[in-house]
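Given next are the chains, with one letter for each unit.
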Amino acid sequence: MSTSAATDALGAPAPVLSFSPVVLPVPGRPVDLEVRVSAPATGTGLPVILLSHGHGPSNNLSSLNGYAPLATFWAAHGFVVVQPTHLTSRTLSHLVADAPGAPDFWRSRAEDMTHILDRLDVIERTVPQLAGRIDRARIGLAGHSLGGFTAALLLGAGLTDPGTGNVVRLVEPRIKAGVLLAAPGRGGDAFNGPMAGQWPVIGAVDFSTMTAPALVVAGDKDDSRHFTDRGPDWHADPYHLAPGPKTLLTLFDAEHGLGGIAGYDAAETTDENPARVAAVARLTAAYLRTRLDPGDNAWPAVREALTNGPDPVGRVESK
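What this report covers is the structure whose coordinates are included nearby. (Residues numbered from 1 in each chain as written. Predicted model: local features only at pLDDT ≥ 70, side-chain atom pairs only at ≥ 80, totals over all residues. Heavy atoms only, no water.)

**A closer look at the pairing of strand β5 (residues 134-144)**
Our working rule: Remark: exposure states derive from per-residue accessible area (1.4 Å probe, protein chains only) relative to the maximum for the residue type, with buried under 20%, exposed over 50%, and partly exposed in between. In DSSP terms, a helix is any run of H or I states spanning at least four residues, a strand is any run of E spanning at least two, and both are numbered starting from the N terminus. If DSSP finds at least two bridges between two strands, the strands pair.
The buried count for β5 comes to 8 of 11 residues, which makes it a mostly enclosed element. Here strand β3 (residues 46-52) pairs with β5 via 6 bridges, running parallel. In the sheet register, L51 faces β5, and the bridge partner there is A142. As paired elements, β5 and strand β8 (residues 177-181) share 5 bridges and run parallel to each other. Within β8, the position partnered with G140 by the bridge is A177.

What follows is the structure, given as structure tokens:
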């Protein structure tokens, strides 16, 4: 793979300003919504990436304090990255264990992103040196694992509420494109692992209405036996079962952590690989750059550099 070509396509990184917590009171939410905001020190008309964390074993990576390998890279290459601490975070479990919606808080997680978009003016005023620099017409979204499930709902996927049987839609039309990183696949007979009964909402998603453009990133060694016996292909379901425009990036030798995107040197990452993390950061940044600004050729350039040639990081298909 040609890292230099991929780097050239995205331009030189800028210094990054990171500010947290920005506190957004939300009526009815058991605790205030707190977010971290990272942005380049220079530039105007900046697009936004909302980043939804997963539900891993660490205490702090599943919060506004995680995913620095992605958030810092994206901010250095021209995005304003906003990371909420969802109610599923272990940092909040002692406060919200008995709150309505526990333990998966599937509706709250998606609503967090809508609250953020509703309050971008507050975020701009609160974060030093950010006022007037956000382009509200260019909003992207990314989510890892359970965050990929959240992203699917915001991008248009339907969900049959396990508690009521009603179909719920939480689509957020202000989000123009998304990235699903190691997201769960379909339910039904495929959702047959030992933990499926504890998380019925994961298998309740209907991808057929997920119409927004999205990049689905799946590791070809991501075998989530706790949810399914289908093997790594399960994580490609959001691509195969949703209408276009969609792109599937299958990463070679990648497991659920995709090399360690949740945090620097996280011991729980089963496939720690800094080069893979760097490739994921570049490819996702390039995809969202081009999707949010079709005149930007970052995606075809970075895709060519990293997925073609003698040492590709993965393969790409689109529809």
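**Here's the deal with the packing of aromatic side chains**
Rule in force here: In this analysis, rings of Phe, Tyr and Trp, with Trp reduced to its six-membered ring, are considered paired at centre separations within 6.5 Å, and the interplanar angle assigns stacked below 30 degrees, edge-to-face beyond 60, and tilted for intermediate values. Distance and angle both matter: a charge sits over a ring if NZ of Lys or CZ of Arg is within 6 Å of the ring centre and within 35 degrees of the ring normal.
On inspection of all chains with the given rule, the structure shows 4 aromatic pairs. Relative to W299, the ring of Y287 lies with its centre 5.5 Å away and its plane at 90°, an arrangement referred to as edge-to-face. With Y287 in helix α8 (residues 274-292) and W299 in helix α9 (residues 298-307), the pair connects residues that are 12 residues apart, well separated along the chain. A relative accessible area of 2% places Y287 in the buried class. Three or more aromatic residues link up through ring pairs in this structure, and these residues are F191, F227 and W234. A cation over an aromatic ring shows up here: K319 above the ring of Y239, its NZ or CZ 5.0 Å from the ring centre.

**Points about the layout of surface pockets**
Applied cut-off: A pocket, in this scheme, is an open set of points on a 1 Å grid over the protein atoms alone with protein on both sides within 12 Å along at least 5 of 7 lines, while a cavity is a set where a 1.4 Å probe fits but cannot get out; residues line either one if an atom lies within 4 Å of a point. Grid points are joined across faces, edges and corners, and a volume is the space filled by probe spheres set on the points. In the scheme used here, Gly and all other residues not listed as nonpolar or charged are polar, with Ala, Val, Leu, Ile, Met, Phe, Trp, Tyr, Cys and Pro taken as nonpolar and Asp, Glu, Lys and Arg as charged.
In this model, the largest pocket occupies a volume close to 740 Å³. Forming the boundary of the largest pocket are 34 residues, of which H55, G56, P57, S145 and H256 lie nearest the centre. Taken together, the residues of the lining of the largest pocket break down into 14 nonpolar, 16 polar and 4 charged. Roughly 330 Å³ of volume is contained in the second largest pocket. Taken together, 22 residues form the lining of the second largest pocket, with P100, G101, F105, S108 and E111 sitting closest to its centre. Its residues assigned to classes, the lining of the second largest pocket shows 12 nonpolar, 4 polar and 6 charged.

**Some remarks on the pattern of salt bridges**
Here is the rule: Salt bridges are defined as contacts in which a side-chain nitrogen from Lys or Arg sits within 4 Å of a carboxyl oxygen from Asp or Glu.
For the coordinates displayed, the defined rule picks out 12 salt bridges. One salt bridge in this structure joins R186 and D189, with 2.9 Å as the shortest N-O distance. Taking the relative accessible area as the measure of exposure, R186 reaches 28% and is therefore partly exposed.

**Digging into the side chain of S89**
What counts, and what does not: Contact between two residues is taken to exist if any of their heavy atoms lie within 4.5 Å; hydrogens are not considered.
Of note, S89 is situated in the loop between β4 (80-84) and α3 (93-96). Taking relative accessible area as the criterion, S89 reaches 1% and is therefore assigned buried. Sequence-distant contacts of S89, that is, excluding residues within four places in its chain, are made with H53, S62 and S63.

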